[in-house]
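# Fold and contact review
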Amino acid sequence: MEKFIIEGGAKLSGTVRISGSKNAALPIISASLLAEGKTVLHNIPDVKDIKTLIRILEYMGVKVRFERNTLEVDPSGIYRYTAPYEFVSTMRGSICLLGPLLAKYGQARFSMPGGCLIGARPIDLHIKGLKKLGVEVLIEEGYIVGKTPRKLKGSNIFLGGNFGSSVLATANIMCAATMAKGETLIEFAASEPEIVDLAMFLKKMGARIYGEGSHCLRIEGVKNLKSVEYSIIPDRIEAGTYILAGYLTRGSINVKNVVPGHLFSFLDKIEETGVSFKSRKNSIETVPSGRWRSVDVITLPYPGFPTDLQAQMMTYLSLAEGISTVTEKVFPERFIHVAELNRLGANINLDGAKAIIKGVDRFKGSKTMASDLRASAAIVLAGLAAEGETEISRIYHLDRGYENFEQKLVALGAKIKRIKS
Ligand code: EPZ
């Protein structure tokens, strides 16, 4: 296994180019199964989650070519419609294959994704929506088995759960509805930029979708969808991670290839801590500042504060002046990073789904272990700001969602290296 060794304290400055969004790429690659012919996708990040999805598609008989961030998908040779446990358990996001498989091929047999370190990952909303469209769903021996005895039929679907909207349930139901007979209304749909990107991709293929970006989608079913060429949006979570790296190391990082509008709630919260940044059409540049103020953060579905930046924000607030709170309303158990941050000198206490963070003067380097994608990014950020050396083991978690992570950090002046342990 590999680990990172970070010599903390270096000021990071310069320009970093943000890669394509992993969470836009996964549903869009899956949706390309709906097309007749070969789809060409650009700006696809070269990260482990994408490679896992490619392995599942190849297992099904789909032809896939992935070179220099361009991915070609040709489903004409597909002969299997199942995703075994060993694939799905390593990447829950593969659940977004369900909708396209059922809409186009009328069948799917998928391992239940199971929970992960950020909490239980139920799929009741996915199943509810698919059933409303006419899919027959069975759960047998840990697998979801879906069949469509007849063509899917449009329906009115309320897709809100106890924690609000669901990103991948919205992706699945929107995909399935594009080829259903008649009209589908999805109430309390997710409005994340990744869902908007998926809708734009499907509309380019000929789907009739209205309301993307709002919580109410209307989809008129069409007979078939054509294969297209498409470039996906930048990764707003990667961008937020580098913006925080700028403040934490008191450097000025110009984060390029971002859509500032995708980071509105995050930037608003950062501004509330008393630091500033220069926002341009497709870049955000951090302005080095002294000590920032504590704030209260509550994670919510988009356009609220993104849960995927909660861990990284906790690292940032650990060095703030005063006491901050972080309340996790999307994944209430998403605090696996707290123990590791405290080992680096943070002072964080948990009270259910709320973390109380007492600002400290500094992090002190230590041996740590990565555990979940975003929690691991939070530890890297702490290591960059810490005094002394930080070692992070099991960094394969980071490779799932951060393209060329250490190379981008070294280019900004970080003292970080990957070694085999
Ligand atoms: C997507 O996961 C992202 N993953 C997650 O990013 C992200 O944290 C999450 O959306 C929230 O923004 C991908 O896009 C691949 P949800 P998803 O369904 O769709 C509950 C990362 O680090 N829920 O929006 O699986 C659920 O338990 C990953 O890149 C149900 O109750 O998340 C949660 O509390 C981590 N029933 C809330 O909804 C369901 O059927 C939001 O989950 C589905 C979800």
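Residues numbered from 1 in each chain as written. Predicted model: local features only at pLDDT ≥ 70, side-chain atom pairs only at ≥ 80, totals over all residues. Heavy atoms only, no water.

### Here's the deal with the domain arrangement of the chain
- Domain boundaries assigned for the chain yield domain 1 (2-19 + 234-420) and domain 2 (22-230).
- Each of domain 1 and domain 2 was reduced to a C-alpha centroid, and the two centroids are 30 Å apart.
- Across the contact, 28 residues belong to domain 1 and 23 residues belong to domain 2.
- Buried area between domain 1 and domain 2, summed over both chains or domains, comes out near 2000 Å², and the portion from carbon and sulfur atoms is 52%.
- Contact with domain 2 buries area across many residues of domain 1, yet Y302, R400 and E403 alone supply 29% of it, more than any other trio.
- Across the contact surface, domain 1 and domain 2 share two salt bridges.
- Where R236 meets E194, a salt bridge forms, and the shortest distance between an N and an O atom there is 2.8 Å.
- There are eight residue pairs in polar contact (both at pLDDT 80 or more) connecting domain 1 and domain 2.
- Among the elements of the structure, α12 (373-385) and α13 (396-399) are those that each provide at least two residues to the side of domain 1 that touches domain 2. (Domains from an automatic or database assignment. Contact = heavy atoms within 4.5 Å. Buried area = accessible area lost by both parts, 1.4 Å probe. Salt bridge = Lys/Arg side-chain N within 4 Å of Asp/Glu carboxyl O. Polar contact = N/O pair within 3.5 Å; in protein donor to acceptor, adjacent residues only side chain to side chain. Helix = DSSP H or I, 4+ residues; strand = E, 2+ residues; numbered from the N terminus.)

### Details of the nonpolar core
- Membership of the largest hydrophobic core comes to 75 residues, with the highest contact counts inside it found for I29, F110, M174 and L202.
- No other element matches the eight residues that helix α6 (residues 167-178) contributes to this core.
- Residues within four places of M174 in sequence aside, it is in contact with I186, I195, L198, A199, L202, I209, L217 and I219.
- Formed by 64 residues, the second largest nonpolar core is a distinct cluster that contains I18, I237, Y247 and L267. (Core = buried A, V, L, I, M, F, W, Y, C linked by side-chain atoms within 4.5 Å. Buried < 20%, exposed > 50% of the residue type's maximum accessible area, 1.4 Å probe, protein only.)

### Focus: the sheet that holds strand β18 (residues 276-280)
- As summarised here, the arrangement of the four strands in space is β2-β17-β19-β18, forming an open sheet in which the pairing is mixed. A strand with exactly one partner marks an edge of an open sheet, and here the two such strands are β2 (14-17) and β18. Mean inter-strand twist for the sheet, computed between neighbouring axes without regard to direction, equals 20°.
- This element, helix α8 (residues 236-248), spans β2, β17 (253-256), β18 and β19 (283-287) of the sheet and lies at about 175° to β17. (Pairing = 2+ DSSP bridges. Axes fitted to C-alpha atoms, helices over the stretch in contact; angles between N-to-C directions.)

### Remarks on helix α4 (residues 98-105)
- The buried fraction of α4 is high, at six of eight residues.
- If you check which residues of α4 are buried, you get L98, G99, P100, L101, L102 and A103.
- Buried residues along α4 sit in contact with α1 (22-31), α2 (48-60), β8 (107-111), α5 (124-132), β10 (143-147) and α6.
- At the exit of α4 stands G106, carrying a positive phi of roughly 75°.

### Section: the environment of V228
- Mapping V228 onto the fold places it in the loop between β15 (225-226) and β16 (229-231).
- Residue V228 is classed as buried on the basis of its relative accessible area of 10%.
- C-alpha of V228 to C-alpha of G206: the two residues are 22 residues apart in sequence and 9.6 Å apart in space.
- Not counting chain neighbours up to four residues away, the residues in contact with V228 comprise K38, T39, V40, F201, K204 and M205.

### Digging into the site of the ligand
- In the vicinity of the ligand lie 24 residues, with D124, L125, S166, D308 and V330 positioned nearest.
- One of the side-chain nitrogen or oxygen atoms of R92 is found 3.3 Å away from an oxygen atom of the ligand.
- The side chain of D308 places a nitrogen or oxygen atom 2.6 Å from an oxygen atom of the ligand.
- Computed on the free molecule, the ligand has an accessible area of 820 Å², of which 91% lies beneath the protein chains in the complex.
- Classifying every residue of the shell around the ligand by side-chain character gives twelve nonpolar, five polar and seven charged. (Near = heavy atom within 4 Å. Areas by Shrake-Rupley, 256 points an atom, 1.4 Å probe, with all protein chains shown as cover. Nonpolar A, V, L, I, M, F, W, Y, C, P; charged D, E, K, R; others polar.)

### So, unusual backbone geometry
- The amide bond that connects Y302 to the next residue, P303, takes the cis arrangement and shows omega of 10°.
- Examined against the element boundaries, P303 turns out to sit in the loop between β20 (296-299) and α10 (310-318).
- In this model, N43 sits at a positive phi of 65°, which is unusual for a non-glycine residue.
- Structurally, N43 can be placed in the loop between β4 (39-42) and α2.
- The phi angle at N69 is positive, at roughly 70°, despite the residue not being glycine.
- With respect to the secondary-structure elements, N69 resides in the loop between β5 (63-67) and β6 (70-74).
- Taking the relative accessible area as the measure of exposure, N69 reaches 28% and is therefore partly exposed.

### Examining the pattern of salt bridges
- Across all of its chains, the model carries 27 salt bridges by this definition.
- Its salt-bridge partner being D49, residue K22 comes within 3.3 Å of it at the nearest N-O pair. Of this pair, K22 sits in helix α1 while D49 sits in helix α2; the two residues are 27 residues apart in sequence, bridging distant segments of the chain. In terms of burial, K22 and D49 fall into one category: buried.
- Salt-bridge contacts for D46 lead to K51; the nearest nitrogen and oxygen are separated by 3.0 Å.
- With relative accessibility at 38%, the residue D46 sits in the partly exposed group.
- Classification of K51 by relative accessible area gives partly exposed; the value is 41%.
- Through salt bridges with shared partners, a single network forms among E2, D399, E406, R418 and K420.

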